[in-house]
Amino acid sequence: MTKKLTPENATPRDLRNFGFGMTLFFLVVGGLVWWKGHAPSAYGLWIAAFLVFLAPAWLFPAGLRPVFRGWMKIAGILSWIISNTILCLIFFLIFTPVSWIQKLTGRDLLALKFPGTQDSYWIDRSQEPDNPKHFERLY
């Protein structure tokens, strides 16, 4: 079983990998900014990537722990927002229209409507023949 990576239990190797990964990210973003014609901003991103991530990753990985802690807080907030957004989209774009269609067509999949002139919701199964195949796959 894999352990959950937190700032407290991050090894120097984990912190070094974090520093290298963030350096690569900032280099790519700086490259895109430079390609769009904003050279001073790109140089600033590249210098920040070197000073904040690459140099500490090489020289002193434990120095990245506060940056890693902040990044993990931001990542936790982003994951909460994204997962709830996806769940809301699934609910409102899939389940709600299906429910509306079933209500418009009169389908009652859970048999919630009271069954006419009967006194209860009880379904008498004694009239159905016993079929051993019915018990082979219960789920």
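Here the structure is shown first, and the text comes after it.
1. Regarding the overall build of the protein
Working step 1: Regarding its fold elements, the protein presents three helices and zero strands.
Working step 2: For the protein, whose C-alpha radius of gyration is 29 Å, the value lies well above the compact-globule estimate of 14 Å for 139 residues.
Working step 3: Oriented by its inertia axes, the alpha-carbon framework of the protein measures out at about 80 × 40 × 25 Å.
Working step 4: By the burial criterion, 14% of the 139 residues in the protein qualify as buried.
Working step 5: In the protein, the share of contacts with a sequence separation of at least 24, taken over all contacts with a separation of at least 6, comes to 51%.
Working step 6: Accessible area of the protein: about 11,900 Å², with a carbon and sulfur share of 70%.
Working step 7: In the protein, 14 positive and 8 negative side-chain charges are present, and the distance between their average locations comes to 23 Å.

2. Things to note about the nonpolar core
Working step 1: The biggest cluster of nonpolar side chains holds eight residues, and these are Ala10, Leu15, Phe18, Met22, Phe53, Ala57, Leu64 and Phe68.
Working step 2: For this core, the secondary-structure elements that each account for two or more residues are helix 1 (12–35) and helix 2 (39–59).
Working step 3: Counting residues per element, this core draws most heavily on helix 1, at three residues.
Working step 4: If near-sequence neighbours (up to four positions away) are discounted, Phe53 is found in contact with Phe18, Gly19, Met22, Thr23, Phe26, Ala48, Leu64 and Val67.

3. Remarks on helix 1
Working step 1: The end-to-end C-alpha separation of helix 1 is 34 Å, in line with the 34 Å expected for 24 residues at 1.5 Å each.
Working step 2: All buried positions along helix 1 are accounted for by Leu15, Phe18, Gly19, Met22, Thr23 and Gly30.
Working step 3: Immediately beyond the C-terminal end of helix 1, within one or two residues, lies Gly37, with a positive phi of roughly 100°.

4. Some remarks on the packing of helix 1 against helix 2
Working step 1: Close contact between helix 1 and helix 2 brings their axes to 8 Å; oriented N to C, the two are set at 170°. The angle between the axes of helix 1 and helix 2 places the two elements in the roughly antiparallel class.
Working step 2: When the residues that make up the contact of helix 1 with helix 2 are grouped by side-chain class, the tally is 18 nonpolar, five polar and one charged.

5. Overview of the pattern of salt bridges
In a structure, side chains of opposite charge can pair up when their charged atoms sit close to one another.
Working step 1: Taken as a whole and assessed by the stated rule, the structure comprises one salt bridge.
Working step 2: Here Arg69 makes a salt bridge to Glu8, at a shortest N to O gap of 3.8 Å. On the criterion of sequence distance, the pair formed by Arg69 in helix 3 (residues 65–105) and Glu8 in the segment before helix 1 is long-range, its members being 61 residues apart.
Working step 3: Given a relative accessible area of 32%, Arg69 falls into the partly exposed group.

6. A look at the side chain of Thr23
Working step 1: With respect to the helices and strands, Thr23 occurs in helix 1.
Working step 2: Filtering out sequence-adjacent residues up to four positions away, Thr23 remains in contact with Ala49, Phe53 and Leu54.

Cut-off values and rules
- Residues numbered from 1 in each chain as written.
- Predicted model: local features only at pLDDT ≥ 70, side-chain atom pairs only at ≥ 80, totals over all residues.
- Heavy atoms only, no water.
- Helix = DSSP H or I, 4+ residues; strand = E, 2+ residues; numbered from the N terminus.
- Rg over C-alpha atoms; globule rule 2.2 N^0.38 Å.
- Buried < 20%, exposed > 50% of the residue type's maximum accessible area, 1.4 Å probe, protein only.
- Contact = heavy atoms within 4.5 Å.
- Areas by Shrake-Rupley, 256 points an atom, 1.4 Å probe, with all protein chains shown as cover.
- Lys, Arg positive; Asp, Glu negative; His and termini not counted.
- Charge placed at Lys NZ, Arg CZ, Asp CG, Glu CD.
- Core = buried A, V, L, I, M, F, W, Y, C linked by side-chain atoms within 4.5 Å.
- Expected span 1.5 Å × (residues − 1).
- Axes fitted to C-alpha atoms, helices over the stretch in contact; angles between N-to-C directions.
- Parallel < 35°, antiparallel > 145°, perpendicular 65-115°, else oblique.
- Nonpolar A, V, L, I, M, F, W, Y, C, P; charged D, E, K, R; others polar.
- Salt bridge = Lys/Arg side-chain N within 4 Å of Asp/Glu carboxyl O.

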